[in-house]
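Listed here are the chains, written in short residue letters.
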Amino acid sequence: AGMEGSGDASRAGPDWRLAVWTLCSVLLPVLITAWCSFQRSRRQLLIRDIFRKSKHDWHYTDLFGQPSYCCVCAQHILRGAFCGCCGLRVSEGCLKKADRRFLCKEIMMRGTAAAPGSMPHHWIRGNVPLCSCCMVCKQQCGTQPKLCDYRCVWCQYTVHDECMVDCLRTEDCTFGEFKDLIIPPYYLSAINQMRKEKKTSYEKVVPYCRKHWMPVMVLANTRSGNNMGETLLGEFKMLLNPVQVFDLSKIAPAKALQLCTWLPCNAVRVLVCGGDGTVGWVLDAIDEMKIKGQERYIPQVAILPLGTGNDLSNTLGWGAGYAGEVPVEQILRNVMEADGIKLDRWKVQVTNKGYYNLRKPKVFTMNNYFSVGPDALMALNFHAHREKTPSLFSSRIINKAVYFFYGTKDCLVQECKDLNKKVELELDGERIELPNLEGIIVLNIGYWGGGCRLWEGMGDEPYPLARHDDGLLEVVGVHGSFHCAQIQVKLANPVRLGQAHTVRLILKSSKMPMQVDGEPWAQGPCTVTITHKTHALMLYHSGEQTDDDDASSLSE
């Protein structure tokens, strides 16, 4: 019995040790993981706190897009933080030191350190742009694998370490290639002081008095174009004064455009980065400026097309879509060289039948086109699906595939057939006899449906070209979705119903899909009246050609 008891005790010892080791092997990784997670969360909170309090526009990245070196410890870094305004790059551990040590771009000059109308260079060491040249010796900068050479955050000039002399540190900055687009900090300081003193003689302030100064404002919709707007915001802040660059997801266009009242009359240019809907939003804000009596500050509008609906930008020569293939420096050059033109804007009033005295009519502003029929039905289905699952509609290819699906479905179902029996059409007060149609489209601009010149069709008939500044609307009919597809590939012509200054459409019965500039809805019996509202001042870029334009020029 004694021997059996000692045997049980000897077996219990190893079993107990095994249980302890097993428990340790399970708990230790869990504890290490929990500790690392806690430290990471604590570190992220500290970083976010620095970002929130800093005057720098810090962003965190897990991988820099080019070889980078910390501006504090000069070590090579793969990940860390960078400033979207001045371009500083720093490791995570040196972030707090860098935030204290280095100044970011100043929106306004502080104090009276500089003479009116001038300011010194603002040099940042290291991480200069690839293929940049030294302003002194004209040789390439940034070629050594270390933190080296200098860049001015305003004029973008670069200088070798060995070429940097004391006179360059105190020399006045010329603001470089884009001096005619940049709003200098000393200008804003002077205007701010004059406003406090209730003075309005801005003409004496430099560079207000300079002949070719045309300050630009950038208004970007960061929700357009698969988040391309976020990247563009940072790149424009690097080249311009950050006060000139606005994120429309954080500030409304009407508020951003008040900066125009600080700038010369009829000289400001606005670059809208977004789709046609974003452009319409900005143009509505400009119309509000006219109502407030600020007409002399109205800017001219250029477009950088993001998103899917870019027919207006295509009409004005800015292309059908931007995916980062053109550097932002070239975009700013295009804005400088663009010519001013006018764009007709139209009032679309929809009055429901039977509710003349009870309901206010719906009023829209049209820049591109109005339609009733299959293309409005496709837009309505597309918008309904995008509202349910917005994450799926993040690229142009997916969006066009969905449009193609609904277009093919409508070819089979024909939900809008016999439209000619349901509507009456009047052009400048004259009743138009309609053939058998499924859709009617009223055009203000040359392009429709993502790059199709609808009014011209195949181009084999002598019709006058559609213009966006002649006070005339082009009205066409289509036989269905398949007919729309044929027109887009130049295999058919639309049914041209005429041109007019005023269009009136009466929907007598049933509910039909309608749209104004890509914003669709289902509409019951009503009267739609389209009349001229105002003109918008736009910028036309003659250097951009679409495939259709190339083909037509070759045929000539």
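Residues numbered from 1 in each chain as written. Predicted model: local features only at pLDDT ≥ 70, side-chain atom pairs only at ≥ 80, totals over all residues. Heavy atoms only, no water.

### Description of the pairing of strand β12 (residues 300–305)
The element β12 is largely enclosed, with a buried count of five among its six residues. Across six bridges, the pairing between strand β11 (residues 269–274) and β12 is parallel. Counterpart to Val270 in the pairing with β12 is Val301. After leaving β11, the chain enters helix α7 (residues 276–291) and then returns to the sheet as β12, a path that is right-handed. (Buried < 20%, exposed > 50% of the residue type's maximum accessible area, 1.4 Å probe, protein only. Helix = DSSP H or I, 4+ residues; strand = E, 2+ residues; numbered from the N terminus. Pairing = 2+ DSSP bridges. Right-handed = clockwise from strand over helix to strand, strands pointing away.)

### With respect to the pairing of strand β23 (residues 519–523)
Pairing geometry for strand β22 (residues 512–516) and β23, over five bridges, is antiparallel. Bridge assignment links Gln515 to a residue of β23, and that residue is Pro520. As consecutive antiparallel partners, β22 and β23 are separated by two residues, and within that stretch Asp517 has a phi angle of approximately 55°, a positive value.

### Some details on the packing of aromatic side chains
Following the criterion strictly, the structure yields four aromatic pairs and no others. Between the aromatic rings of Phe175 and Tyr186, the centroid separation amounts to 6.2 Å while the plane-to-plane angle is 65°, which identifies the pairing as edge-to-face. Pair noted here: Phe175 is in the loop between α3 (166–170) and α4 (185–196) and Tyr186 is in helix α4, with a separation of 11 residues, a long-range link. For the pair formed by Phe175 and Tyr186, the shared burial category is buried. Between Phe364 and Trp521, the ring centres sit 4.8 Å apart and the planes meet at 20°, which makes this aromatic pair stacked. Linking Phe364 in strand β14 (residues 362–366) with Trp521 in strand β23, this pair joins segments that are 157 residues apart in sequence. Given a relative accessible area of 12%, Trp521 falls into the buried group. Here Arg169 stacks its cationic end above the ring of Tyr150, 5.5 Å away from the centre of that ring. (Phe/Tyr/Trp six-rings, centres within 6.5 Å; stacked < 30°, edge-to-face > 60°. Lys NZ or Arg CZ within 6 Å of the ring centre and 35° of its normal.)

### Concerning α4
It helps to recall that an α-helix has 3.6 residues per turn; residues three or four apart then point in one direction. Helix length check: α4, at 12 residues, gives a terminal C-alpha distance of 17 Å against a target of 16 Å (1.5 Å per residue), a fit within 8%. Taken together, the buried positions of α4 are Pro185, Tyr186, Tyr187, Leu188, Ser189, Ile191 and Met194. Lys198 sits one or two positions beyond α4 and adopts a positive phi of about 60°. (Expected span 1.5 Å × (residues − 1).)

### What to know about the sheet that holds strand β1 (residues 58–61)
The strand order β1-β4-β5 describes an open sheet built from three strands, whose pairing is antiparallel. Whereas interior strands pair on both sides, the edge strands pair on one side only; in this sheet they are β1 and β5 (89–90). Alignment of β1 against strand β4 (residues 80–83), held across four bridges, turns out to be antiparallel. Note on β4: the bridge partner recorded for Thr61 is Gly80.

### Observations regarding the confidence of the model for the protein chain
Across the protein chain, the average pLDDT comes to 84, with 87% of residues at 70 or higher. By mean pLDDT, the top-scoring element of the protein chain is strand β9 (residues 216–220) (96), and the lowest-scoring one is helix α14 (residues 547–555) (39). Under a pLDDT of 50 for its full length, residues 544–556 has, in the predicted model, 13 contacts with residues more than four places off or in other chains. (pLDDT = per-residue confidence, 0-100. Contact = heavy atoms within 4.5 Å.)

### Focus: the sheet that holds strand β6 (residues 123–125)
Pairing in this open sheet of three strands is antiparallel, and the strands run β6-β7-β8 from one edge to the other. Each edge of the open sheet is held by one strand with a lone partner, namely β6 and β8 (158–159). In terms of strand pairing, strand β7 (residues 150–152) meets β8 through two bridges, oriented antiparallel. What sits directly across from Arg151, in β8, is Thr158.

### Things to note about the nonpolar core
Most often, soluble globular proteins keep nonpolar side chains buried together rather than apart. Tyr187 and Phe236 are the most contacted members of the largest nonpolar core, which totals 100 residues. Examining the composition of this core, we find that six residues originate from one element, α7, more than from any other. When residues no more than four places from it in sequence are discounted, the contact partners of Tyr187 are Val205, Val206, Pro207, Tyr208, Trp213, Trp262, Leu263 and Pro264. Listed in part, the 32 residues of the second largest apolar core include Phe370, Leu377, Val503 and Met512. (Core = buried A, V, L, I, M, F, W, Y, C linked by side-chain atoms within 4.5 Å.)

### A look at the side chain of Ser371
Summarising the element assignment, Ser371 is placed in strand β15 (residues 369–372). Classification of Ser371 as buried rests on a relative accessible area of 0%. At 3.0 Å, the side chain of Ser371 and the side chain of Asp375 are in polar contact. If we ignore the near neighbours within four places in the chain, the residues touching Ser371 are Ala376, Ile440, Ile441, Pro513, Met514 and Gln515. (Polar contact = N/O pair within 3.5 Å; in protein donor to acceptor, adjacent residues only side chain to side chain.)

### A closer look at helix α13 (residues 481–488)
By the burial criterion, the buried members of α13 are Ser481, His483, Cys484 and Ile487. Relative to the axis of α13, the buried residues are bounded by an arc of 160° and lie together on one face. Of the residues trailing α13, Lys490 is marked for its positive phi of about 60°. (Arc of directions from axis to C-beta.)

### Regarding unusual backbone geometry
Of note in this structure, Ala74 is not a glycine but carries a positive phi near 65°. Tracing the sequence through the fold places Ala74 in the loop between β2 (68–69) and β3 (76–77). Despite not being glycine, Phe175 has its phi angle at roughly 70°, a positive value. Judged by relative accessible area, Phe175 falls into the buried class, the value being 6%.

### As for the pattern of salt bridges
This model, assessed by the stated rule, comprises 14 salt bridges. Ionic pairing is found between Arg345 and Asp287, a salt bridge with its closest N-O pair at 2.3 Å. You can see Arg345 sitting in strand β13 (residues 339–352) and its partner Asp287 sitting in helix α7, a full 58 residues away along the chain. Put simply, Glu426 and Arg504 hold a salt bridge, and the shortest N to O gap is 3.4 Å. Here Glu426, found in strand β16 (residues 423–427), pairs with Arg504, found in strand β21 (residues 503–507); they are 78 residues apart in sequence, far enough to count as distant. One salt-bridge network, in which partners are shared between bridges, spans Asp284, Asp287, Lys290, Arg345 and Lys533. (Salt bridge = Lys/Arg side-chain N within 4 Å of Asp/Glu carboxyl O.)

### Examining a nonpolar patch on the surface
Together, Leu23, Leu27 and Leu31 make up an exposed nonpolar region whose accessible area comes to about 290 Å². Relative to the helices and strands, Leu31 is located in helix α1 (residues 2–53). For Leu31, a relative accessible area of 55% translates into the label exposed. (Patch = residues over 30% accessible without salt bridge, like charges linked within 9 Å, V, L, I, M, F, W, Y side chains within 5 Å. Areas by Shrake-Rupley, 256 points an atom, 1.4 Å probe, with all protein chains shown as cover.)

### Here we look at the environment of Val372
Considering the arrangement of structural elements, one finds Val372 in strand β15. Residue Val372 is classed as buried on the basis of its relative accessible area of 0%. C-alpha of Val372 to C-alpha of Gly477: the two residues are 105 residues apart in sequence and 9.7 Å apart in space. If we skip the residues at most four places from it in the chain, Val372 touches Leu419, Glu438, Gly439, Ile440, Leu505, Met512, Pro513 and Met514.

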